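So the chains spell out like this:
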Amino acid sequence: MGPDGSLKIAGECSDKVGPMSLTFEMDPPVDAQLRDGLCTLWADVTNAGGAIGFVPPVTPDAIRQDLLTHLVSVDAGRTRMLIGRDEHGAIAAGAFLVLNTHRLKRHWCSVYTVMVHPSLQGRGHGRDLMSATEKAARGMEGITALRLTCRGGLGLEQFYASCGYREVGRLPGAIKVADGELRDDVTLWMDLA
Ligand SMILES: CC(C)(COP(=O)(O)OP(=O)(O)OC[C@H]1O[C@@H](n2cnc3c(N)ncnc32)[C@H](O)[C@@H]1OP(=O)(O)O)[C@@H](O)C(=O)NCCC(=O)NCCS
C-alpha cells in the first residue's frame, strides 16, 4: 500500500513480443494527467473497434463525462480503479471494479471498461490486467465473485474464458451499435471462493 492509499500489483509478464510488462496500480491518485490519459486510452481503444460503451468515431472529450462519473464513484469508495502503465509511466490499460450497494449483493462486484491500448494488444497484457483485477478483488473484504458483461460477436467470450470466467447468460440483441445492428449482451462470472 502506498502512502496515498494506492496499491501496486505486480504485472505477471506473459509478453509474447518483447520484454515490456505493465505495472498495475489500484486507485492511484487522480490528477489531470490521469484523467486525460484515461480519456485518450478509452477513445483510442474505442476507435480501434473496442467494445467499451461507445462506438467509433469518438473523441476523448466525448468520453470525459462517463469517466468523471466513474471517478466520482471511485472517490466515494463505490468503485475501485485499476490502471496499467508502461515503462514510461503512460497509461496503457485499465479496468473498473464496481461494488454493489444492494444489501443482498455485496459479496460480488462488476468489472467494467476492460481495455488495453491498441498498440499493445495481443501481447498478453489483457490477461495480465485480468489477473491483476482478480488479485485485487481477492484482496477486497467479503468479495467472493466477479461479474462481467461483454458485447457478443467479437470473440471476447473466449478471451474471458481464458482468464477463468464462464458464460452464465446472454441477452440476445440487447446492444444496439447502429440502426439495425444488434449485438448480444453476454454475462460472465468468476467464483473467487
Ligand atoms: C480484450 C482485450 C482487453 C484483450 O487484451 P489483449 O492484451 O489484446 O489480450 P491478450 O494478449 O492478453 O490475449 C489473451 C488471450 O486472449 C485472446 N484474445 C484476446 N482478445 C481476443 C478477442 N477479441 N477474441 C478472441 N480471443 C481474444 C488472445 O488471442 C490470447 O489467446 P492465447 O493466449 O491463446 O494466444 C483488448 O483486446 C482490448 O482492450 N480490446 C478492446 C476493448 C474491449 O473490447 N474490451 C472488452 C470489454 S468487455
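Residues numbered from 1 in each chain as written. Predicted model: local features only at pLDDT ≥ 70, side-chain atom pairs only at ≥ 80, totals over all residues. Heavy atoms only, no water.

Draft legend 1. Representation of the overall build of the protein in the model. Counting its secondary structure elements, the protein contains four helices and eight strands. Moving toward the C terminus, one meets the helices and strands of the protein in the order β-β-α-α-β-β-β-α-β-α-β-β. Taking 193 residues into account, the globule formula puts the C-alpha radius of gyration at 16 Å, and the protein, at 16 Å, falls close to it. Long-range pairs, those at least 24 residues apart, make up 58% of the contacts in the protein with a sequence separation of at least 6. Counting 20 positive and 23 negative side-chain charges, the protein places the centres of these two groups 5 Å from one another. (Helix = DSSP H or I, 4+ residues; strand = E, 2+ residues; numbered from the N terminus. Rg over C-alpha atoms; globule rule 2.2 N^0.38 Å. Contact = heavy atoms within 4.5 Å. Lys, Arg positive; Asp, Glu negative; His and termini not counted. Charge placed at Lys NZ, Arg CZ, Asp CG, Glu CD.)

Draft legend 2. Structural detail: the pairing of strand β7 (residues 166–178). Bridge analysis of β7 against strand β8 (residues 181–191) gives eight bridges, and the strand direction is antiparallel. Opposite R166, over in β8, you have W189 as the bridge partner. Adjacent in sequence and paired antiparallel, β7 and β8 are bridged by two residues, among which G180 carries a positive phi angle near 75°. (Pairing = 2+ DSSP bridges.)

Draft legend 3. Up close: the nonpolar core. Membership of the largest hydrophobic core comes to 31 residues, with the highest contact counts inside it found for V111, L129, M130, L146, Y160 and Y165. Those elements that provide at least two residues to this core are β2 (23–26), β4 (91–99), β5 (108–116), α3 (125–138), β6 (145–151) and β8. Sorting elements by how many residues they give to this core places α3 first, with five residues. Residue contacts for Y165: discarding those within four places in its chain leaves V111, M130, L146, L148, Y160, L188, W189 and M190. In terms of nonpolar packing, the next biggest core, distinct from the first, is built from 19 residues, L34, L38, W42 and I52 among them. (Core = buried A, V, L, I, M, F, W, Y, C linked by side-chain atoms within 4.5 Å. Buried < 20%, exposed > 50% of the residue type's maximum accessible area, 1.4 Å probe, protein only.)

Draft legend 4. Highlighting the pattern of salt bridges. Applying the stated criterion across every chain yields a total of nine salt bridges. Put simply, D191 and R166 hold a salt bridge, and the shortest N to O gap is 3.2 Å. On the criterion of sequence distance, the pair formed by D191 in strand β8 and R166 in strand β7 is long-range, its members being 25 residues apart. Here D191 falls in the partly exposed class, since its relative accessible area comes to 45%. Residue R170 is joined to D184 by a salt bridge in which the shortest nitrogen-to-oxygen separation is 3.0 Å. Of this pair, R170 sits in strand β7 while D184 sits in strand β8, and the two are 14 residues apart along the sequence. A residue is classified by how much of its surface remains accessible, and R170, at 37% relative accessible area, is partly exposed. Shared partners join several salt bridges into a network, and the residues in it are E157, E167, R170 and D184. (Salt bridge = Lys/Arg side-chain N within 4 Å of Asp/Glu carboxyl O.)

Draft legend 5. Examining the environment of G153 more closely. Looking at the secondary structure, you find G153 in the loop between β6 and α4 (156–162). The class for G153 is exposed, based on a relative accessible area of 74%. When the C-alpha atoms of G153 and R183 are compared, they prove to be 6.8 Å apart, with 30 residues separating the residues in sequence.

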